[in-house]
Amino acid sequence: MSQTSQRNKSVNTESLRKHVINALEDLKAKDIREIDVRGKTSIADLLVVASGTSARHVKSIADEVVKFAKKAGVMPIGVEGEQEAEWVLVDLGDVIVHVMLPRIREFYGLERLWTVGDREADNEAVNAG
């Protein structure tokens, strides 16, 4: 049995989402945003993007996400970017977590990238502008 199918039986996406959000909130991540990507990609159901205040904070937040996921019975598929800690990606299968420094987050604009054409996101842009 693959790790993915094994994980799906014990932890659903909503439960994993809650663990991730708890980990982010515990370490005071900033500007936490969830993006539902079902129907847009097959790599995940949910992207969670958050900011840290420094490289050390970004790394600590990502480490906490990994710890909470393991407690929930989910082994991360991969963790990337820990060395530089400007952008750390934690791949939990159905949920992918991006923890970034604010300047990196603004530069890459993942929220804009994944919400282009979404009615709700388009309405937010119109109201903000």
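What counts, and at which threshold
- Residues numbered from 1 in each chain as written.
- Predicted model: local features only at pLDDT ≥ 70, side-chain atom pairs only at ≥ 80, totals over all residues.
- Heavy atoms only, no water.
- UniProt positions renumbered as here; feature names shortened; annotations may be inferred.
- Helix = DSSP H or I, 4+ residues; strand = E, 2+ residues; numbered from the N terminus.
- Buried < 20%, exposed > 50% of the residue type's maximum accessible area, 1.4 Å probe, protein only.
- Contact = heavy atoms within 4.5 Å.
- Areas by Shrake-Rupley, 256 points an atom, 1.4 Å probe, with all protein chains shown as cover.
- Axes fitted to C-alpha atoms, helices over the stretch in contact; angles between N-to-C directions.
- Left-handed = near helix turned anticlockwise from the far one by under 90°.
- Nonpolar A, V, L, I, M, F, W, Y, C, P; charged D, E, K, R; others polar.
- Phe/Tyr/Trp six-rings, centres within 6.5 Å; stacked < 30°, edge-to-face > 60°.
- Lys NZ or Arg CZ within 6 Å of the ring centre and 35° of its normal.
- Pairing = 2+ DSSP bridges.

With an unreviewed UniProt entry as reference, the chain is termed Ribosomal silencing factor RsfS, source organism Dyella soli. If you open the UniProt record of the chain and go to Subcellular location (unreviewed entry), you find "Cytoplasm". In the Sequence similarities (unreviewed entry) part of its UniProt record, the chain is described as follows: "Belongs to the Iojap/RsfS family."

> I'm lost on the overall build of the chain in this one. Help?
For the chain, the count of helices and strands is six helices and five strands. Along the chain, helices (α) and strands (β) appear in the sequence α-α-β-β-α-β-β-β-α-α-α when read from the amino end. Relative to its full complement of 129 residues, the chain shows a buried share of 41%. Sequence-distant contacts, at least 24 apart, represent 56% of the contacts inside the chain between residues at least 6 apart. For the chain, the accessible area works out to roughly 7600 Å², and carbon and sulfur atoms hold 48% of it.

> Which parts of the structure should I look at to understand unusual backbone geometry?
A negative phi holds for most residues other than glycine; trans holds for most peptide bonds. Within the chain, Asp31 stands out as a residue other than glycine whose phi angle is a positive 50°. Its place among the elements puts Asp31 in strand S1 (residues 30-36). Asp31 gets classed as exposed once you look at its relative accessible area, which sits at 56%. Positive phi values are uncommon outside glycine, yet Ala85 reaches one of about 60°. Inspection of the secondary structure assignment puts Ala85 in the loop between strand S3 (78-80) and strand S4 (87-91). Of the residues examined, Ala85 reaches a relative accessible area of 4% and is grouped as buried.

> Help me out: how do you make sense of the packing of helix H2 (residues 13-26) against helix H3 (residues 55-71) in this one?
Angle between the axes and distance between the axes are the two parameters that describe a pair of packed helices. Their axes nearest at 8 Å, the elements H2 and H3 cross at an angle of 145°. In this structure, H2 crosses over H3, and the sense of that crossing is right-handed. Only Ile61, Glu64, Val65 and Phe68 of H3 make contact with H2, whose side of the interface consists of His19, Val20, Asn22, Ala23, Leu24 and Asp26. Split into classes, the residues belonging to the contact of H2 with H3 amount to six nonpolar, two polar and two charged.

> How should the packing of aromatic side chains be read in this particular structure?
In this description, a pair of aromatic rings is defined by centroid distance and the angle of the planes. On inspection of all chains with the given rule, the structure shows two aromatic pairs. Ring centres of Trp87 and Tyr108 lie 4.9 Å apart, and the angle between their planes is 55°; this geometry places the pair in the tilted category. One end of the pair, Trp87, is in strand S4; the other, Tyr108, is in helix H4 (residues 102-108), and 21 residues separate them in sequence. With centroids separated by 4.9 Å and ring planes inclined at 85°, the aromatic side chains of Phe107 and Tyr108 adopt a geometry described as edge-to-face. Given a relative accessible area of 44%, Tyr108 falls into the partly exposed group. Taken together, Trp87, Phe107 and Tyr108 form an aromatic cluster joined through their ring pairs. Over the ring of Phe68 we find Lys71, and its NZ or CZ is 5.3 Å from the ring centre.

> Where do I start with the sheet that holds strand S2 (residues 46-51) in this structure?
Within a sheet, neighbouring strands are paired by backbone hydrogen bonds and run either parallel or antiparallel to one another. With mixed pairing, five strands are arranged side by side in an open sheet as S1-S2-S5-S4-S3. Each end of this open sheet is capped by a strand with a single partner; those strands are S1 and S3. Strand-to-strand twist across the sheet, computed as the mean angle between neighbouring axes with direction ignored, equals 10°. Along the sheet face, H2 touches S1, S2 and strand S5 (95-100) and points at about 15° away from the line of S5.

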